[in-house]
Amino acid sequence: MKNAFKRIFGTGLGQLTIPIISILLLVVFNLIRDPSFFSIGIMHNNDGNIVLAGNLISIINGASELAVLAMGMTLVTAACGGQDISVGAAAAIAGSAFVKVLKSAPAINGGIVVLAFFSACLVAVIFASFNGTLVAVFKIQPMIATLILYTCGRSIAYWINGGATPTVSSPIITGIGSFIPGIPVPTPVIIVLVMAVLFKLLFHFTSLELFTQSVGINGSAARLNGINSTFIKLLSFIILGVCVAVAGCIGVSRLGLINHETLLLDVEMDAILAVAIGGNNLGGGKFKIGGSILGAYVIQMLTITLYAMKVSSTDVKAYKAIVIILLVVIGSPVVKAKFGKFMGNVMKKNKKVPVKGAE
Amino acid sequence: MQENCLLQMHHIDKTFPGVKALSGVDFCLRKGEIHALMGENGAGKSTLIKILTGVYQMDGGEIRLEGQPVVIKSPQDAGNNGISTVYQEITLCPNITVAENMFIGRDSSFFVKKKEREKRADEILTKLGIPARSTMQLGSCSLAVQQMVAIARAVDMKCKVLILDEPTSSLDDKEVNMLFDLMRDLKSKGVGIIFVTHFLEQVYEVSDRITVLRNGELVGEYLTQELPQVELVSKMIGKELEELSSLGETEETGDEEKEDFYVAKGLSSSDALAFDFNIKKGEVNGFTGLLGSGRSESVRAIFGADKVTGGNVKIKGKNVKITKPIDAMKHGIGYLAEDRKRDGIIAELSVRENIILALQVMNGMFKPISRSEAETFADEYIKVLNIKTASRETPVGSLSGGNQQKVILARWLLTHPDYLILDEPTRGIDVGTKLEIQKLVLKLAEEGVSVTFISSEVEEMLRTCSRLIVMRDRHIVGELKGKELTQTQVMKTIAGGDA
Amino acid sequence: MKKFGALLLVGVLAFSCLLGGCGAKTGGKSSGTIKVGVVNNPPSESGYREANVKDMEAVFSAENGYDLKTAYSLKNDEQLQAAQGFITEGVDYLLISAAETTGWDEVLKKAQEAGIKVYLFDRMIDVDENLYEAAVVSDMAKEGETAVNWLLSQNLAEYNVIHIQGAMGSDAQIGRTGALDEQFAAGTMNKVVQQTATWDEAEAKKIVESVINSGEDFNVIYAENDGMAKGAVAALDEAGITHGVDGQVIVMGFDCNKWALRELLAGAWNYDGQCSPFQAQIISDLIKGNTTASSKKIINEEKGFDAKTITQSDIDTYGLGE
């Protein structure tokens, strides 16, 4: 316990300290406000499956799309030192493509859903490559480059289906967006888990993490060490593209309908925030995917807490902004350094420091 | 305690988390004196300077200026007390005029009196004999002049203490002399100058007194003329003298019969004119010439660091194409770049990650080096190269310059290169590490690795290289080997008197 | 793809109209055809608009004796230019659904001078009544009233309502909220929660989820459009709460999308209020003199559909989209 304490606080604020502390604060706050806030119920849903329900499930479930996007956004941020602000629009495109394929099939079966998903991935990756090329090859600022798709993405999504809100209904789609019969955990939560594991495997079986960080921290040195930084940046966008497709398909499957105007609206800002709350440097370089996932849950927990308090949803954004400003300020280098100094002084009292040369 | 100190630092202590950077250091600067502050990297020079300039706060001790205790909490405080600093890297703005640079951030009135300013700037420049006019864009001046403008700015701020932190590291000899003239002039006007440098000759040329630090402690204060150069070095590194002189005996080795490892004909790049070059297996050769002579650009072309525009390259007799760094690496070439911070280290990554980087790139993305393997490699090289780091997981950016350089060396050594290009591997690092690197180069050569070595210090090149390629104005103007390898001969060739 | 092509064509047409002040000549100027210029919002605006545009094209077709010209824009000034173009070109009738309510005085006066008759549809404009023949519009407040009256007629023992609002300040939100607010104020219905989901389905689901998690009782969901009603229902489904005909919770939506009406037919929802985009026939009748306007403002009659009485032909006739 003492060791864990030291690990988190000993060297100032570690990367994951902020999201962990935020979650703890929100948990404590909610427990005081309503001790039953986190109670999890077991119930039958309308399809007759046994499912888990409760605020905790709502939080983890509701944050799924955000968490998936935050994972991809972390990689782009690390490699390019900027963010993709078109993920919401791109998810609307991917979701529209998903629905388009489903609707053009005579009947929806497993194969069609897989085909639809891969089509969505393909479409998202094409658009992501467009963004990636602007950033990696033409060296345009990521936010500026992705502004293009941010602006026109939802119109493109409209063209794909030509209708306002095409719907699809199938038990398979319900299974993806809600619950698979026999599994009491919402499927989107499982998808997030799968994505997280895939990222873990990606970093384990390739040296992408090292290369991405090198490119993000010092592009010139990375190049002189033989790293193809253009490729790494492009790859980060392509991986984000896959995340976008996954998020878009989850979003569509939840309700069995695509509304190109509202699907994952404003999610890009939340995704960037999740990356920031996760302690990642928005200027690129070192990163922790886990931090961003936690960041996504912090944001969602905040939203659900405010809903539970019956704060008007028009006001929720303002409250969210206040809390997020606090989090980001606490996580800023200035405060971190001050806090580190303070903790250093506390630690010094019971530990002698060896005399050693330093520049 | 001396009575005649202009600036006195007494018993200064400073601790960083985990390391004691300074313990009980005394320092005394007199009026009208050039005082060299010497020590290895990590000796505490920078820390002492940063305390004096308000960047760091000391944990204990006292600073007196003209006998009065002063508290320096920020660079502004330092400025107000008449303490000015000119850093190694120019900290002025290149895209505005000299006059604007001299007055930036110091205008008392909001409205700019441009003419008045320029007049005043020209006055100072003339007085100090600096060859620049106030209306010139700073970026259009040579580095030396830029440095002098920075000094002029400091002098005009009515400074009593001028700190010059490695001011000569990017200057050529002529420019260094100009700078020294300016320093002597200021000295005669009563300014106390603290001079931090790694160039021993320069210390002896210009300084009156030397203070040596080692491992955060004061070794002593000496009159320059009473301290022989070898003794100074041994005080700085705390090593025995014979170890130093034992180097340089491997000078002349018969490389003639060895086979060529690398041959280039008419190699050119976006930055380098076409040139011919070859290196034999196990040979150590070097490029020399003044700054801007094209020596760095040439080796960059060999490594494919810049856009290669032409030429024919053979490695071990086979035609190869090297257009980008990874091509060169695949052919067993390693390249330690001139600018360590910009082109070498990945500052925020750990020592371990920095060491395995090049090998990992060569292995490719899909064959990651496992964590335990990487740790073994890192530990091995930390030990072999004597890298001073808290642990292998320490971010490399927090290491001292010399140790950063060793990490990059380790990175290339780990790839087991056949040919290693070292561009200024010893710049800005301490004497001890310099020697270690020179020794390492010779050892590598013995093991059959070819090395191309570039250094601004000719003496260092003479010690290590068996062949020197001399460049002037982006052309190769001579090649020296065997008995021709003397300081005077190299100088002559560089200067073009006898090429 | 076909739709996309058509859209593009329409877009290009509209654009060239704007640029050239609509220099396009109409082929044979046979006296039999009535030239109609329509200034509207683009079909991409919403499903409603898409249906509205299609309806216009269907009614003012060549078969019905019309020569139709259209201009679509979300921007008022572009709409004004387009109207100006139609006047210069000499259409017989000008039909306008304006992006903004102001700035139209001058153009309408010019139209009057040129003897062109103006009809407003879907949206009102702030001008003197004499400047147009008639305005065929929806009454959003009435849509709300119809829905609330239907709800009252269900004679529930108590009304615990989750009210999911559209984007705050929009016409539809204000109209559809009004009638329900009256009931809340009068105490006949109990407000469990009133939240805006800004037309976002996913947001609506979250709102209902949070009520379910809090354990509060409710038996009516009043969502101000179909999408949000669908979001709400998804939350009910996951929590195992039955809904629709004979369910625990009454589900109400608006807009009459075809898919929503099918939910009604299946008994999964209870009520869907129409927001009719079909003004073309009314205007056509007025133009041809089949009917006369009783007043300047003609309220487009809008229905409310009950799950118990809806038929497939209702869906085919009144449903929007597919």
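All values reported here derive from a predicted model rather than from experimental measurement. (Residues numbered from 1 in each chain as written. Chains lettered and ligands numbered in written order. Predicted model: local features only at pLDDT ≥ 70, side-chain atom pairs only at ≥ 80, totals over all residues.)

## Observations regarding the environment of B:S456
Residues and elements named next belong to chain B. With respect to the secondary-structure elements, S456 resides in the loop between β18 (450-454) and α17 (458-464). C-alpha separation for the pair S456 and K189, spaced 267 residues apart in sequence, amounts to 32 Å. Excluding residues that lie within four positions of it along the chain, S456 makes contacts with E424 and R427. (Helix = DSSP H or I, 4+ residues; strand = E, 2+ residues; numbered from the N terminus. Contact = placed C-beta atoms within 7 Å.)

## Quick notes on the interface of chain A and chain C
Taken together, the contact pairs 35 residues of chain A with 36 residues of chain C. At the level of secondary structure, the elements contributing two or more residues to the side of chain A that touches chain C comprise β1 (41-44), β2 (50-53), α3 (55-62), α7 (142-161), α12 (229-255), α14 (289-308) and α15 (313-330) of chain A.

## Regarding the environment of A:D84
Checked against the element boundaries, A:D84 lands in the loop between α4 (64-80) and α5 (87-104). Along the backbone, A:D84 and A:I160 are 76 residues apart, and their C-alpha atoms lie at a distance of 22 Å.

## What to know about the packing of helix α2 (residues 17-33) of chain A against α14(A)
All names here are of chain A. In contact at an axis separation of 9 Å, α2 and α14 are set at 25° when each is read in the N-to-C sense. Considering their axes alone, α2 and α14 lie roughly parallel with respect to each other. Of the two elements, α2 crosses α14, and the hand of that crossing is left-handed. Judged by residue contacts, P19, I20, S22, I23, L26 and N30 of α2 engage G291, L294, G295, Y297, V298, M301, L302 and T305 from α14. Broken down by class, the residue content of the contact of α2 with α14 amounts to 9 nonpolar, 5 polar and no charged. (Axes fitted to C-alpha atoms, helices over the stretch in contact; angles between N-to-C directions. Parallel < 35°, antiparallel > 145°, perpendicular 65-115°, else oblique. Left-handed = near helix turned anticlockwise from the far one by under 90°. Nonpolar A, V, L, I, M, F, W, Y, C, P; charged D, E, K, R; others polar.)

## Notes on the nonpolar core
Within the largest apolar cluster, 231 residues are counted, with the highest numbers of intra-cluster contacts made by A:A94, A:A124, A:V244 and C:A232. Per element, the largest residue contribution to this core is 17 residues, and it comes from α12(A). Beyond its immediate chain neighbours, meaning those up to four positions away, A:A124 contacts A:A90, A:I93, A:A94, A:G241, A:V242, A:V244, A:A245 and A:G248. By size, the runner-up hydrophobic cluster in this structure holds 67 residues, among which are B:F27, B:I63, B:V149 and B:C159. (Core = buried A, V, L, I, M, F, W, Y, C linked by C-beta atoms within 7 Å. Buried ≥ 20, exposed ≤ 12 C-beta atoms within 10 Å, placed from the backbone.)

## Description of helix α6 (residues 171-186) of chain C
Every α-helical turn comprises 3.6 residues, leaving residues that sit three or four positions apart pointing alike. Residues and elements named next belong to chain C. With 16 residues, α6 extends 23 Å from end C-alpha to end C-alpha; this agrees with the ideal 22 Å at 1.5 Å per step. Taking the largest bend as the criterion, α6 deviates by roughly 35°, centred on G178. When α6 is considered as a whole, its buried residues turn out to be A172, Q173, G175, R176, T177, A179 and L180. Among the structural elements, α5 (140-152), β6 (160-165), β8 (220-223) and β9 (250-254) are those in contact with the buried residues of α6. Downstream of α6 by one or two residues, G187 has phi in the positive range, about 85°. (Expected span 1.5 Å × (residues − 1). Bend = angle between axes of the 7 residues up to and from the residue.)

## Concerning the pairing of strand β10 (residues 217-223) of chain B
Residue and element names in this part refer to chain B. With 6 bridges joining them, strand β9 (residues 209-214) and β10 adopt antiparallel strand pairing. Note that in β10 the partner of R214 across the bridge is E217. Here β9 folds back onto β10, and the loop between the two strands holds 2 residues, one of which, N215, carries a positive phi near 50°. (Pairing = 2+ DSSP bridges.)

## So, helix α10 (residues 295-303) of chain B
Residue and element names in this part refer to chain B. Across the 9 residues that make up α10, a large majority, 9, are buried. What α10 keeps buried is the set R295, S296, E297, S298, V299, R300, A301, I302 and F303. Residue G304 follows α10 closely and has a positive phi angle near 80°.

## Examining the interface of chain A and chain B
Taken together, the contact between chain A and chain B spans 26 residues of the former and 40 residues of the latter. Put simply, the parts of the chain that give the side of chain A that touches chain B at least two residues each are α10 (208-217) and α11 (219-224) of chain A. Sorting elements by how many residues they give to the side of chain A that touches chain B places α10(A) first, with 6 residues. A per-class count over the side of chain A that touches chain B returns 11 nonpolar, 11 polar and 4 charged.

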